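# Results of the structural survey
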Amino acid sequence: GTCNVTVNGDCRMLYKGDLVQEVAGDYHLNVQGDMRTKITGNHVTEVISDRKTVVNKNDDLFVGEDSILNVGTNRQINISGKLTESVDKAVTNFYFDSCTEVTGIGGHQLFSSGSIDISAMMNLGLSCILNYSRTALGISTETTTLLHSEICLGGRTETTTGISLVTSAWYQNISGIITLN
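A brief report on the enclosed structure follows. (Residues numbered from 1 in each chain as written. Predicted model: local features only at pLDDT ≥ 70, side-chain atom pairs only at ≥ 80, totals over all residues. Heavy atoms only, no water.)

### Some words on the overall build of the protein chain
Rules: Comment: elements are numbered from the N terminus, with helices defined as DSSP H or I runs of at least four residues and strands as E runs of at least two. When a residue's accessible area, from a 1.4 Å probe over protein chains only, is under 20% of the maximum for its type it is buried; when over 50% it is exposed; and in between it is partly exposed. Here the Shrake-Rupley method, with its probe set to 1.4 Å, supplies the accessible areas, and only the displayed protein chains count as covering residues.
The number of helices and strands found in the protein chain is zero helices and zero strands. Residues counted as buried form 0% of the 181 residues belonging to the protein chain. Taken as a whole, the protein chain presents about 21,500 Å² of accessible surface, with 49% of it coming from carbon and sulfur.

### Details of the packing of aromatic side chains
In plain terms, the rule: Stacked, edge-to-face and tilted labels apply to pairs of Phe, Tyr and Trp rings (six-membered ring for Trp) whose centres lie within 6.5 Å, assigned for plane angles under 30 degrees, over 60, and everything in between, in that order.
Per the counting criterion, the structure on display carries one aromatic pair. Aromatic side chains F94 and F96 sit 5.9 Å apart centroid to centroid with 0 degrees between the ring planes, which places their arrangement in the stacked category. Residue F96 is classed as exposed on the basis of its relative accessible area of 79%.

### Considerations on the pattern of salt bridges
Where charged atoms from two side chains of opposite charge approach closely, those side chains can pair. Where we set the bar: Here, a salt bridge means any side-chain nitrogen of Lys or Arg that lies within 4 Å of a carboxyl oxygen of Asp or Glu.
Tallying each qualifying case throughout the model produces two salt bridges. A salt bridge links R36 to D34; its shortest N-O distance comes to 3.7 Å. Taken as a pair, R36 and D34 share a single burial class, namely exposed.

### Concerning a nonpolar patch on the surface
The condition is simple: Patches in this entry comprise residues that are over 30% relatively accessible and not in a salt bridge; like charges within 9 Å are linked, as are nonpolar side chains (Val, Leu, Ile, Met, Phe, Trp, Tyr) within 5 Å.
A surface patch of nonpolar side chains, about 520 Å² in accessible area, is lined by V23, Y27, L29, V31 and M35. L29 gets classed as exposed once you look at its relative accessible area, which sits at 56%.

Next up, the structure:
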């Protein structure tokens, strides 16, 4: 049958042993004030079907040690505002398939107080629609072990204010005007 319990005042229940609750139907918990849960042991939750959590204001999670997230298929994160990540030690990302990063009109900048290395086991392509600028305040070195090919459709200007050394055993099919400053 049906059982309704109403307590018109405070209620405290103390169990000196284990407590097991089993609900054969739906379970609804409505808390109209604050809710605090303190667990001195482990907290294990198993959801056999879907899970959804809605937090209408701030969400603050502190993890004192390691945090592991395992996703069986896809993961999507949508952020309407800014994203700031701060990591005190090394970061390693593994992408075992392809990786695509798209940045809007605000641009994409990489800053490092140390070195930045870009390497590819196969091909590496850099392209841009407007301007491309490469600046080295120290020494700039370019090494090609097979064939070096450059195509300049609109012309090329190269200015060297110091010593420029070009060493090649063989030039082929050079056409147009070449000006060395």
